[in-house]
Structure formats: C-alpha cells, structure tokens
Amino acid sequence: MTAASRLLAPAPGWTRETDVVVVGSGVAGLMTALHAARAWSVLVVTKVHVDDGSTRWAQGGVAAALGADDSPDEHLQDTLEAGVGICDEDAVRVLCEEGPARLRELIDLGAAFDRGTTGELLLSREGGHHRDRIVHAGGDATGAEVSRALVAAVQQHPRIEVIEHALVLDLLRDAAGQTAGVTLHVLGEGTEDGVGAVHARAVVLATGGMGQVFGSTTNPSVSTGDGVALALRAGAEVTDVEFVQFHPTVMWLGPDVHGQQPLISEAVRGEGAFLVDDTGARVITETDHPLADLAPRDVVAKAITRRMEARGADHVFLDARHLEGLTDRFPTIVAKCRELGVDPVTDLIPVAPAAHYASGGVRTDLDGRTSVPGLYACGEVACTGVHGANRLASNSLLEGLVFAGRIGADLGRGLPTPGAPIAQPPEGVLLDPSTRLELQLAMTRGAGVLRSADSLASTAKALLSLEDRPSSYPCPDAWEATGLHAVASALVAAAALREETRGAHWREDFPVADSSWRGHLVTTLAGTTFEGI
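Numbering of residues starts from 1 in every chain and runs along the sequence as written. Thresholds applied to this predicted model are a pLDDT of at least 70 for local features of residues and 80 or more for the giving and counting of side-chain atom pairs; totals over whole chains, interfaces and linings are not thresholded and use all residues. Excluding hydrogens and water, the side-chain figures rest on all heavy atoms present in the structure.

### A short note on helix α13 (residues 476–497)
Item 1. For helices the rule is a DSSP run of H or I covering at least 4 residues; for strands it is a run of E covering at least 2, with both sets numbered from the N terminus onward. Each residue after the first adds 1.5 Å to the expected span of a helix. When the terminal C-alpha atoms of α13 are compared, their 32 Å separation across 22 residues agrees well with the 32 Å that a helix rising 1.5 Å per residue should span.
Item 2. Throughout this description, buried means an accessible area under 20% of the type-specific maximum (1.4 Å probe, protein chains only), exposed means over 50%, and partly exposed covers the range between. Of all 22 residues that make up α13, 17 are buried, and the element is covered over most of its length.

Quick look at the structure:
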C-alpha cells in the first residue's frame with residue numbers, strides 16, 4: 001500500500017466554513033445531518049446527486065424487533081450468530097435495543113413502509129433471522145423510499161446545506177492533530193468548481209461501501225471506498241476489512257460484464273424461492289445448513305461458488321416460478337429481470353455471488369468516533385463492531401439509523417474549536433486511472449469468495465505492480481483509482497494474515513475457524529496488527 005498521507009491534488013482554490021461536514025448522502029449521512037443540525041450548521045457533500053448512494057438500491061428492508069413474538073435479545077442472538085464470534089456485543093445490543101425507536105423516527109420523517117389491512121407494519125424474514133422482523137417499502141423498493149424521505153427532510157432543513165458533485169479528497173487537521181475540515185473537488189454542476197477546502201469543527205464520513213474494488217458488485221459506481229482511503233491517509237485505524245460480504249443472488253449478465261449488477265433480494269428466497277444448478281439439483285439443503293436457502297449469506301455464497309466449480313459453470317439459477325403474487329411482491333425485481341430478457345414468473349433467474357457489503361471499515365466507538373480526534377464514521381464506511389465477520393441481512397440500514405443518532409448526540413454535547421489547518425505534505429500519491437479495471441479483476445480472481453495464500457499472494461503482486469503506473473494529472477478518475485488501490489491493499493494484507501475461515505472470509509487452505517484468530521486485524525499506513533478479543 002502506497003504510504004503517502006495525501007492525494008496529489010491542486011491547492012484549494014476556495015474555502016467554506018461550517019460546524020459539521022457530513023461526507024455522503026445515504027441513510028447514514030442524511031440521518032446524521034438531521035441529528036447534527038439540532039445543534040450545529042451542517043454541510044453535506046455528496047459525490048454525485050444527493051440520492052445517488054447505495055441506500056436507494058436496497059431491496060431488502062430494515063430489521064427491527066417489532067413483532068409480538070420478537071425481542072431485541074433475539075435479534076441480538078441472530079446478529080451474533082451471523083458475526084461468527086467477533087461482533088462487539090455492546091455495539092450489537094445498542095443496535096437491537098435502539099433500533100425500533102430509530103425506525104419509528106424514520107417513519108415520523110415520512111418514510112412509508114408496507115402495512116396490512118388494519119394498518120400494522122408488515123414483517124418478513126430474511127437469511128439468518130429466526131423471526132419475522134424485516135419491514136419493507138413498496139415490496140422491494142425500501143431503499144428508494146428511505147432515501148426519498150430523508151432527502152426531503154434534509155432539503156427542508158434550514159441549518160443543512162448540500163453540495164453535490166463533490167468528491168472528498170483528504171482530511172484537514174490542525175497543529176494538535178484535531179480534525180479541521182476536508183479538501184474536496186466539486187464539478188461545475190455544484191456550488192463551487194474545482195478543488196476547495198471546507199473548514200469545520202467535526203467531519204463525519206458516511207461515504208458508503210467499497211464494492212467497486214471488485215469486478216462484479218451490487219454497489220453503484222460511486223462506491224469506491226473513498227472514506228476508508230481518506231481515513232487511512234489521515235492515520236485512522238481501519239479494521240475487519242477482510243470481511244467482505246458477497247451477496248449470493250446477483251443477476252448474472254455474462255462473463256464480460258463488470259461493475260454494478262442487479263441484485264435479486266434475499267427476500268425472494270424468504271418467500272420460498274430456492275437455488276438450483278443447471279441439472280435442476282438444489283444447491284443448498286437443510287443437510288448443508290438448517291436454514292437451507294435462508295442460511296447466512298456467506299454460507300449460501302460459498303455453496304453457490306463450490307457448485308459452480310463442480311459444474312464448470314459461471315452461474316446457477318434462482319427458481320421463483322412457483323411463488324404466488326411474485327409481480328406484486330417484487331415489482332422492481334421482476335421489471336428489471338424482464339428488461340434484461342428473463343421473466344421470473346416463467347424462467348429461472350441466472351445468478352452468481354458478487355461483492356455486496358463491507359462488514360469492516362473505519363474503526364469507531366459506540367458514538368461513532370474514530371481514532372482521529374474530531375473524525376467520525378457512520379454506515380458502511382464504519383466498523384462499529386456490529387457485523388463481526390458477516391453482516392446479518394437488513395441490519396445495514398438499521399446500523400445507519402442507530403449510529404447516526406448516537407453521533408448526533410455526541411456532537412450535541414459540544415464541539416472543539418480547532419486551530420488553523422496545517423499545510424499538507426508536499427508529496428502526494430496518484431495512480432493512473434487505467435489501473436482501475438486491472439485492480440478489480442485481480443481482486444475478483446484472488447480475493448473474492450474463496451481465497452488462499454497463493455491467490456492472495458498473486459493479488460498482492462498485481463497490486464504492487466500497479467504502483468509503478470503513477471499519474472501526474474489530478475482528476476476524479478485518478479483519485480478514485482488511487483483510493484481503490486489503498487483499500488484493496490489493506491484488504492489483501494488482512495486476508496493474507498488471517499489464516500482461518502470465519503464468516504465472509506473463506507480460506508481454502510485454512511477451511512475452519514481457529515480460536516486463536518478470534519479478534520480483529522487493525523490496519524494503518526504503518527501496517528496491520530492483530531488484536532485478540
């Protein structure tokens with residue numbers, strides 16, 4: 001991993017002042033902004049449009065213990081089981097106990113979830129859950145509805161300003177090491193143009209995931225790990241980055257298609273769809289796992305990958321043809337499949353695993369604080385300890401809601417007044433944008449669902465070779481490629497060190513969990529170290 005502490009970029013040509021900068025406009029960023037604005041002026045900066053993050057793509061739902069037969073303790077147990085021994089139980093308890101109230105807060109902001117004939121919230125079940133506790137909106141359009149409600153609330157708030165088309169570059173700090181703002185690049189469509197600086201008393205990273213580090217992902221093109229890369233350059237601790245969840249059922253579009261691919265929600269399997277191979281044989285049964293097709297995602301993804309290897313195939317199939325009301329329950333999925341030439345009502349859906357969610361990220365405490373004073377992280381970019389080695393389905397939107405509230409409360413207790421930002425180091429790092437696709441393909445080959453010492457060594461070698469292709473032309477494509485390289489390098493280093501199989505990290509050469517590895521790999525620019533639990 002290149003060890004420069006900043007990106008190569010022009011000096012800021014403009015400056016803005018605010019109390020709190022929130023970087024990102026998904027559920028985590030927008031909800032944090034709303035909470036922070038109770039006490040402070042807030043500037044939300046977002047990479048494209050305010051509603052273009054990963055949140056609006058979420059098909060599943062929000063998990064919360066709302067049912068009469070459910071409880072936060074049961075939700076906690078399911079989450080701990082999915083996390084395979086390395087969740088932070090205190091963080092999980094916060095998630096499960098505070099989750100119902102945060103969901104109701106979202107409803108109060110105008111989010112309309114699906115309800116029954118008497119007005120009760122409709123609850124469903126997804127992989128790894130032993131109770132019906134998932135709320136949806138529009139059947140399979142939960143993320144879009146959550147995004148709509150939060151965007152409307154933010155746009156109406158007098159203390160929140162939004163700058164679109166803004167790519168965050170680096171953290172600003174004062175002489176004492178306190179966060180003092182960020183540098184960013186804004187395209188002409190935004191309020192400012194070119195590289196500038198926002199001076200602030202606190203910065204919240206809510207930049208979403210890093211799925212674009214792989215060749216196939218459910219994440220939108222903006223999910224390039226910008227927040228994790230910024231945090232690393234700023235000296236923050238990053239942890240659990242080896243645990244990347246691969247969604248088992250992503251529509252397979254062909255061997256030469258890369259980037260974002262359509263997700264077929266786990267909720268489809270929750271309604272009774274099941275996986276088969278090209279012979280019609282079930283891919284996973286109750287003999288393999290008690291929950292069969294509804295087993296945790298890592299179990300299903302590995303079962304699919306092994307079946308594809310055994311059959312010499314690059315995909316399997318999801319069979320939903322027997323489900324009644326498929327079009328009504330999953331209108332978005334059915335429409336997308338039909339657009340791509342597959343009718344789920346009559347056809348098998350070709351699917352394969354693809355990178356979906358980063359369980360790790362920038363290390364935080366229970367109030368979202370990172371190891372850098374004044375820098376917070378929330379949502380997928382963060383590692384709160386909630387997910388452990390594998391995220392439980394539909395806990396991601398909930399995590400954003402819960403920890404946004406906690407960050408807002410912490411900010412409300414007071415903010416320091418940092419000194420003037422110190423000058424950034426003269427030397428910056430920048431890779432050629434052409435490295436991006438090569439990096440993605442190398443990561444998919446060697447650091448995907450199934451890993452080994454040999455595959456990871458080959459990937460590390462490929463990443464090292466890309467460092468020999470620098471660029472002297474600062475631009476968004478080069479900044480993104482450089483950030484992806486930093487994130488990929490951290491991921492591969494951690495995956496190579498963790499000589500066991502646990503959750504979303506599967507080592508073919510170490511196929512079982514090892515209690516000596518029950519802990520966390522913590523990465524900074526100085527390297528990666530292990531901390532036992």
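Now that the structure has been shown, we can carry on.
### Some remarks on the environment of Pro220
Item 1. As for its position among the elements, Pro220 is in the loop between β12 (216–217) and α5 (226–233).
Item 2. Sequence spacing of Pro220 and Gly209 is eleven residues, and the spatial spacing of their C-alpha atoms is 9.3 Å.

### Description of a nonpolar patch on the surface
Item 1. A contiguous nonpolar surface patch, about 190 Å² in accessible area, is contributed by Leu253, Val257 and Leu340.
Item 2. Mapped onto the elements, Leu253 comes out in the loop between β14 (244–251) and β15 (259–260). Residues with no salt bridge and a relative accessible area higher than 30% make up the patches, which join like charges within 9 Å and nonpolar side chains (Val, Leu, Ile, Met, Phe, Trp, Tyr) within 5 Å. The method behind every accessible area is Shrake-Rupley, applied with a 1.4 Å probe, and residues are considered shielded solely by the protein chains displayed. A side-chain nitrogen of Lys or Arg and a carboxyl oxygen of Asp or Glu constitute a salt bridge if their distance falls within 4 Å.

### Re the layout of surface pockets
Item 1. Any residue with an atom within 4 Å of a point lines the site, the site being either a cavity, points on a 1 Å grid over the protein atoms alone where a 1.4 Å probe fits but cannot get out, or a pocket, an open set with protein on both sides within 12 Å along at least 5 of 7 lines. Grid points are joined across faces, edges and corners, and a volume is the space filled by probe spheres set on the points. Considered as a void within the structure, the second largest pocket measures approximately 670 Å³ in volume.
Item 2. Residue assignment for the lining of the second largest pocket shows that the elements contributing at least two residues are β14, α7 (297–311), β18 (349–358) and α11 (435–446).
Item 3. The residue classification treats Ala, Val, Leu, Ile, Met, Phe, Trp, Tyr, Cys and Pro as nonpolar and Asp, Glu, Lys and Arg as charged. All others, Gly included, are polar. Looking at side-chain class alone, the lining of the second largest pocket contains 16 nonpolar, nine polar and three charged residues.

### Remarks on unusual backbone geometry
Leaving glycine out, the prevailing phi sign among residues is negative, and the prevailing peptide bond configuration is trans.
Item 1. Although it is not a glycine, His165 sits at a positive phi angle of roughly 60 degrees.
Item 2. Structurally, the position occupied by His165 is in the loop between β7 (160–163) and β8 (166–173).

### Some words on the sheet that holds strand β4 (residues 62–63)
Item 1. Should DSSP find at least two bridges between two strands, the strands are taken to pair. With antiparallel pairing, three strands are arranged side by side in an open sheet as β4-β6-β5. Only two strands of the sheet have a single partner each, and these edge strands are β4 and β5 (123–124).
Item 2. The sheet contact formed by β4 and strand β6 (residues 134–135) spans two bridges and is antiparallel. Each residue of the ladder has a partner; that of Val62, found in β6, is Val135.

### Examining the nonpolar core
Item 1. Note on terminology: a nonpolar core comprises buried Ala, Val, Leu, Ile, Met, Phe, Trp, Tyr and Cys residues joined through side-chain atoms within 4.5 Å. Leu205 and Met443 are the most contacted members of the largest nonpolar core, which totals 59 residues.
Item 2. Residue contributions to this core peak at nine residues, all from α13.
Item 3. Ranked by size, the runner-up nonpolar core spans 52 residues in total, among them Leu34, Trp40, Ala206 and Val402.

### Structural notes on the environment of Asp343
Item 1. Within the secondary structure, Asp343 is located in the loop between α9 (331–339) and β18.
Item 2. By relative accessible area, Asp343 is classed as partly exposed at 22%.
Item 3. Between the C-alpha atom of Asp343 and that of Arg321, which follows or precedes it by 22 residues, the distance is 9.1 Å.

### Some details on the packing of aromatic side chains
What describes a pair of aromatic rings is the distance from one ring centre to the other and the angle between the planes of the rings.
Item 1. Geometry of aromatic contacts follows a simple scheme: Phe, Tyr and Trp rings, the Trp one being its six-membered ring, pair when their centres are within 6.5 Å, and the pair is stacked under 30 degrees between planes, edge-to-face over 60, tilted otherwise. With the rule as written, the count across this model stands at two aromatic pairs.
Item 2. Ring plane angle 70 degrees and centroid distance 5.2 Å describe the contact between Phe214 and Phe246, whose orientation is recorded as edge-to-face. Of the two residues, Phe214 sits in the loop between β11 (202–205) and β12 while Phe246 sits in strand β14, which places them 32 residues apart along the sequence. Per residue, the accessibility class of Phe214 equals that of Phe246, and both read buried.
Item 3. Seen in terms of ring centroids, Trp517 and Phe530 are 5.1 Å apart; in terms of plane orientation they differ by 70 degrees. Their pairing is edge-to-face. With Trp517 in the loop between α13 and β22 (519–524) and Phe530 in strand β23 (residues 527–532), this pair connects stretches of sequence that are 13 residues apart.
Item 4. The buried category is assigned to Trp517, whose relative accessible area is 16%.
Item 5. The criterion is that NZ of a Lys, or CZ of an Arg, lies within 6 Å of the ring centre and within 35 degrees of the ring normal, and then a charge sits over that ring. Cation over ring: Arg391 sits above Tyr357, and NZ or CZ is 4.2 Å from the ring centre.

### Observations concerning the pairing of β22
Item 1. When you tally the buried positions in β22, you get five out of six residues, the bulk of the element.
Item 2. Of the strand pairs in this sheet, strand β13 (residues 238–239) and β22 are connected by two bridges, and their pairing is antiparallel. Across the sheet, the residue bridging to Val238 is Thr523, located in β22.
Item 3. Count of turn residues in the β22/β23 antiparallel hairpin: two residues.

### Concerning the sheet that holds strand β10 (residues 194–199)
Item 1. Read across the sheet, four strands follow the order β1-β10-β9-β8 without closing on themselves; strand pairing throughout is mixed. Only two strands of the sheet have a single neighbouring strand rather than two, namely β1 (15–17) and β8. Strand-to-strand, the axes of this sheet are offset by a mean angle of 25 degrees, without reference to chain direction.
Item 2. Two strands pair when backbone bridges link them, and strand β9 (residues 179–186) and β10 are joined in this way by six bridges, in the antiparallel orientation. Bridging from a neighbouring strand, Thr183 pairs with Ala197 of β10.
Item 3. Here a residue-residue contact requires only that any non-hydrogen atoms of the pair lie within 4.5 Å. Axis definition: a line fitted to C-alpha atoms, over the contacting stretch in the case of helices. Angles run 0 to 180 degrees between N-to-C directions. Across the sheet, α13 touches β8, β9 and β10, and the angle it forms with β8 is around 60 degrees.

### Some remarks on the pattern of salt bridges
Item 1. With the rule as written, the count across this model stands at 42 salt bridges.
Item 2. Residues Arg148 and Glu145 are paired through a salt bridge, measuring 2.7 Å at the closest nitrogen-oxygen approach. Taken together, the positions of Arg148 and Glu145, both in helix α4 (residues 142–155) and three residues apart, correspond to about one turn of that helix.
Item 3. Its relative accessible area of 15% is what places Glu145 among the buried residues.

### Re the packing of helix α2 (residues 72–82) against helix α3 (residues 89–108)
Item 1. Taken N-terminus to C-terminus, the directions of α2 and α3 make an angle of 135 degrees; their axes are 9 Å apart at the nearest point. Relative to α3, the element α2 lies oblique. In the crossing of α2 with α3, the sense of the turn from one axis to the other is right-handed. Contacts between α2 and α3 involve Pro72, Asp73, His75, Leu76, Thr79 and Leu80 from the former and Glu89, Val92, Arg93, Cys96 and Glu97 from the latter.
Item 2. Looking at side-chain class alone, the contact of α2 with α3 contains five nonpolar, two polar and four charged residues. Convention used here: angles under 35 degrees read as roughly parallel, angles over 145 as roughly antiparallel, angles from 65 to 115 as roughly perpendicular, and any remaining angle as oblique. Left-handed describes a crossing whose near helix is turned anticlockwise from the far helix by less than a right angle; the clockwise case is right-handed.

### Re helix α1 (residues 27–36)
Item 1. The element α1 is largely enclosed, with a buried count of ten among its ten residues.
Item 2. Buried within α1 are the following residues: Val27, Ala28, Gly29, Leu30, Met31, Thr32, Ala33, Leu34, His35 and Ala36.

### Observations concerning the packing of α5 against α13
Item 1. Orientation of α5 relative to α13, taken along the N-to-C sense of each, is 75 degrees, at an axis distance of 8 Å. The orientation of α5 relative to α13 falls into the category roughly perpendicular. Seen from α5, the contacting residues are Asp226, Val228, Ala229 and Leu232; seen from α13, they are Glu480, Gly483, Ala486, Val487 and Ala490.
Item 2. The residue inventory of the contact of α5 with α13, partitioned by class, reads six nonpolar, one polar and two charged.

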